[in-house]
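In case you want the letters, here they are:
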Amino acid sequence: SAVYLLEERILFNDKEEFTKFIHNMDCVPSLDEDEYGYDLAVFLAFMQHLQYVQTKGLVFISDYQGSLTLLTDPQILTHPCVEGGDVFGDGNIEGMVNEFERKHSCNHYCRWPGFGLQPFGSLEKDN
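The paragraphs below set out a description of the structure included in this document. What you are looking at is a predicted structure, and each value in this text was computed from that prediction instead of being measured.

1. Some points on the pattern of salt bridges
If the charged atoms of two oppositely charged side chains come close together, the side chains can form a pair. Applying the stated criterion to the full structure yields 2 salt bridges. Ionic pairing is found between Lys20 and Asp63, a salt bridge with its closest N-O pair at 2.3 Å. With Lys20 in strand β1 (residues 19-22) and Asp63 in the loop between β2 (59-62) and β3 (64-66), the pair connects residues that are 43 residues apart, well separated along the chain. Residue Glu99 is joined to Arg102 by a salt bridge in which the shortest nitrogen-to-oxygen separation is 2.4 Å. Of this pair, Glu99 and Arg102 are both found in helix α2 (residues 94-103), 3 residues apart, which corresponds to roughly one turn of the helix. Residue Glu99 is classed as partly exposed on the basis of its relative accessible area of 25%.

The following block contains the structure:
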């Protein structure tokens, strides 16, 4: 007997478009400052920083895509030491967690004193 998995069709209004905010091979926005969704991408990059710190460098979510009102199909990335290996499938690029502190570019959310986050990244952007 066959098993089928169906996903709900995502419809966007005239003001929205499907956007890849952060690729699962990166820790920074995939968009330029003048593109649709850039501000959300910057916030999502901050959320990665927060996730990484709160899990003590073991996990963060990437592959953010969708629209300004709906994110879909994220990928959980885990450090190679997490038991079970590729516990979150083929998209779990473990090496990205090793590279997070080097590749992430802190933004104004990361640097807000109220969060007390340690800055990461070789290039600090002023977004």
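2. Regarding the sheet that holds β3
Taken together, 3 strands build an open sheet; the order of strands is β1-β3-β4 and the sheet is antiparallel. The open sheet has two edge strands with one neighbour each: β1 and β4 (71-72). With 3 bridges joining them, β1 and β3 adopt antiparallel strand pairing. Residue pairing for β3: Thr19 is matched across the bridge by Gly66. Across the sheet, helix α1 (residues 38-54) lies against β1, β3 and β4, angled at about 40° from β1, the strand it touches most.

Criteria and thresholds
Residues numbered from 1 in each chain as written. Predicted model: local features only at pLDDT ≥ 70, side-chain atom pairs only at ≥ 80, totals over all residues. Heavy atoms only, no water. Salt bridge = Lys/Arg side-chain N within 4 Å of Asp/Glu carboxyl O. Helix = DSSP H or I, 4+ residues; strand = E, 2+ residues; numbered from the N terminus. Buried < 20%, exposed > 50% of the residue type's maximum accessible area, 1.4 Å probe, protein only. Pairing = 2+ DSSP bridges. Contact = heavy atoms within 4.5 Å. Axes fitted to C-alpha atoms, helices over the stretch in contact; angles between N-to-C directions.

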